[in-house]
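Architecture at a glance
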Amino acid sequence: MADIKIYTSNTCVFCKAAKQYFNEKGIEFTELNVDKDKDAVDYLVSKGYRGVPVINIDGEDIVGFDKEAIEAKLNI
């Protein structure tokens, strides 16, 4: 099983869509909300990312809700 982290914010529509996608597929993930978690903000800033969602699958970041990239990484 892949280790999946989704960096989100409270107002991000694409974040909600990404979480819904993973939930519908029955794929477990950890949500890291930048509105509540300073470490999540620090991680994104350290990588040079300026927006969410950022989806980290087994240590590899996918910026944005890119279903094709997600499915390729998860082999689904």
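Residues numbered from 1 in each chain as written. Predicted model: local features only at pLDDT ≥ 70, side-chain atom pairs only at ≥ 80, totals over all residues. Heavy atoms only, no water.

Looking at an unreviewed UniProt entry, one finds the chain named Glutaredoxin, with Anaerococcus prevotii as its source organism.

1. Some points on the pairing of strand 3 (residues 54-57)
Going residue by residue along strand 3, you find V54 and N56 tucked away on one face and I55 and I57 tucked away on the opposite face as well. As judged from the 4 bridges shared by strand 1 (residues 4-8) and strand 3, these two strands associate in the antiparallel manner. Bridging across to strand 3, K5 finds its partner in N56. In this sheet, strand 4 (residues 60-63) lies alongside strand 3 in antiparallel orientation, the contact comprising 4 bridges. Looking across to strand 4, one finds that I55 is bridged to I62. Counting the residues between successive antiparallel strands, the hairpin from strand 3 to strand 4 contains 2 residues, one of them, D58, with a positive phi of roughly 50°. (Buried < 20%, exposed > 50% of the residue type's maximum accessible area, 1.4 Å probe, protein only. Helix = DSSP H or I, 4+ residues; strand = E, 2+ residues; numbered from the N terminus. Pairing = 2+ DSSP bridges.)

2. As for the sheet that holds strand 3
Taken in spatial order, the 4 strands of this open sheet run 2-1-3-4, and their pairing is mixed. Whereas interior strands pair on both sides, the edge strands pair on one side only; in this sheet they are strand 2 (30-33) and strand 4. When strand polarity is set aside, the average angle formed by the axes of neighbouring strands in this sheet is 20°. Pairing of strand 1 with strand 2, which is carried by 4 bridges, proceeds in the parallel orientation. Considered in strand 2, the bridge of K5 is made with T30. Across the face of the sheet, helix 2 (residues 38-47) comes into contact with strand 1, strand 2, strand 3 and strand 4 while running at roughly 90° to strand 1. On the sheet, helix 3 (residues 67-74) packs against strand 1, strand 3 and strand 4 and is oriented at approximately 10° with respect to strand 3. (Axes fitted to C-alpha atoms, helices over the stretch in contact; angles between N-to-C directions. Contact = heavy atoms within 4.5 Å.)

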